[in-house]
Amino acid sequence: MRLRNVTGSREKIAESRFVVQEPRERKGRWKELFQNDNPVRIEIGMGKGKFLYTLAAANPDINYIGIEKYSSVLLRAVQKMEEAELPNLKFIRMEAEELTEVFDRGEVERIYLNFSDPWPKDRHAGRRLPSARFLERYDAVLAPEGRLEFKTDNRQLFDFAVEELEKAGWKTEAVTYDLHHDDALRAGNIMTEYEERFSAMGNPICKYIIYR
Ligand code: SAH
C-alpha cells in the first residue's frame, strides 16, 4: 500500500505511544509490554490496520502487533487508536526483514500475511513475504504449535507460496482458492482493506493456514 507522503507522518509515528519505538530492545520481553501472559499474534504488512483492529477488539485475551514499513500508512492505524484505544494492540514501523532481531524464538503464536506485495519479477522472489527465505525467519520466531495464515487474490503469488511452503518443509492445515465460498474457512473471516476492494471486483480470495 502506498499513500501519498503525508507531511509529518514520520514525526507523528515517532511520538505515538501506540507505536513501539525501540522494538529490538523488546526482544524476548514482549509480554512485559502488554503486562499479561496472553499469546502474541502479528500481522506483517498490515496497511491501515483494519483487520488487526477488528481482531484485537473481538479478542481481548490475545495481544496483537501490526508491522508496517511506511509511516504514512501506519499513521491511519494510529489515528484509529487515538479515537478508540485498545490495550491489546501495538504497532511497529519496520521492514519484515528485521523480524528475527525483534522477536525471540517462539515468541509469536501466530503470523498473518494479508495481500502481501507480489514482487512479480523473478529476481525479487526473495522479497515476497511467503517465500522460503521468509518462512525461515518465521520459523525462528514462531511457537512450536504456531500457525501462519496467508490471504491474497493474486493467484500467481499464491501458487508460488504453496510451492515454497512444501520446499521449506511446512505443512498445510487448510487451503482454499475461494475463501468466500468455502463453508469451513469463511466462518469468522475478517476482511482486510484489500480483501474488500478485490473481492468487490469479483476476484476469488486464496488462503492457506500452515504449520511445521
Ligand atoms: N494487509 C493489508 C495491506 C496489504 S498491502 C490489507 O490486506 O489490506 C501490503 C502492505 O504491506 C503495504 O502497506 C506495504 O507497505 C506493507 N509491506 C510490504 N512489504 C513489507 C515489508 N517487507 N515489511 C513491512 N511491511 C511491508
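All values reported here derive from a predicted model rather than from experimental measurement.

Undergrad: Let's hear about the pairing of strand S5 (residues 142-152): which residues, and what values?
TA: Most of S5 is tucked away, with nine of its eleven residues classed as buried. As defined by bridge partners, strand S4 (residues 108-114) adjoins S5 across six bridges and the pair is classed as parallel. Bridging across to S5, Tyr112 finds its partner in Glu149. Once you follow S4 into helix H6 (residues 132-141) and on to S5, the crossover reads as right-handed. Sheet analysis places S5 next to strand S7 (residues 206-211), joined by five bridges and oriented antiparallel. In the sheet register, Thr152 faces S7, and the bridge partner there is Cys206.

Undergrad: How would you explain the pattern of salt bridges if you had to name every residue and give the values?
TA: Counted by the stated rule, this structure contains 14 salt bridges. Across the pair Lys50 and Glu196 runs a salt bridge whose closest N-O atoms are separated by 3.2 Å. Of this pair, Lys50 sits in helix H3 (residues 50-58) while Glu196 is found in helix H8 (residues 193-200), placing the two residues 146 residues apart along the sequence. Overall, the relative accessible area of 29% leaves Lys50 in the partly exposed class.

Undergrad: So what about the nonpolar core? Which residues, and what values?
TA: In this structure, Ile42, Ile44, Phe103, Ile111 and Tyr138 are the most contacted members of the largest nonpolar core, which totals 36 residues. Residue contributions to this core peak at six residues, all from helix H7 (residues 155-167). Of all hydrophobic cores here, the second largest spans 21 residues; its members include Ala56, Ala77, Leu89 and Tyr112.

Undergrad: Describe the sheet that holds strand S2 (residues 63-68), with residues and values.
TA: Spatial strand order, S3-S2-S1-S4-S5-S7-S6: seven strands in an open sheet with mixed pairing. The sheet is open, and its two edges are formed by strand S3 (89-93) and strand S6 (171-176), each paired on a single side. When the angles between neighbouring strand axes are averaged without regard to direction, this sheet yields 15°. As defined by bridge partners, S2 adjoins S3 across five bridges and the pair is classed as parallel. Counted as the bridge partner of Gly66 is Phe91 from S3.

Undergrad: Lay out helix H4 (residues 71-83) with the relevant residues and their values.
TA: Taking 1.5 Å per residue, 13 residues should reach 18 Å; H4 reaches 18 Å between its end C-alpha atoms and fits that length. Listed as buried for H4 are Ser71, Ser72, Val73, Leu74, Leu75, Ala77, Val78 and Met81. Where H4 is buried, its residues contact helix H1 (9-15), H3, S2 and S3.

Undergrad: Got a sec to walk through unusual backbone geometry? Specific residues and values, please.
TA: Backbone geometry at Phe115 places phi at a positive 55°, although glycine is not the residue there. Topologically, Phe115 is positioned in the loop between S4 and H6. Look at Phe115 and you get buried, because its relative accessible area is 8%. For Trp119, which is not glycine, the phi torsion reads 40° and is therefore positive. Looking at the secondary structure, you find Trp119 in the loop between S4 and H6.

Calculation criteria
- Residues numbered from 1 in each chain as written.
- Predicted model: local features only at pLDDT ≥ 70, side-chain atom pairs only at ≥ 80, totals over all residues.
- Heavy atoms only, no water.
- Buried < 20%, exposed > 50% of the residue type's maximum accessible area, 1.4 Å probe, protein only.
- Helix = DSSP H or I, 4+ residues; strand = E, 2+ residues; numbered from the N terminus.
- Pairing = 2+ DSSP bridges.
- Right-handed = clockwise from strand over helix to strand, strands pointing away.
- Salt bridge = Lys/Arg side-chain N within 4 Å of Asp/Glu carboxyl O.
- Core = buried A, V, L, I, M, F, W, Y, C linked by side-chain atoms within 4.5 Å.
- Axes fitted to C-alpha atoms, helices over the stretch in contact; angles between N-to-C directions.
- Expected span 1.5 Å × (residues − 1).
- Contact = heavy atoms within 4.5 Å.

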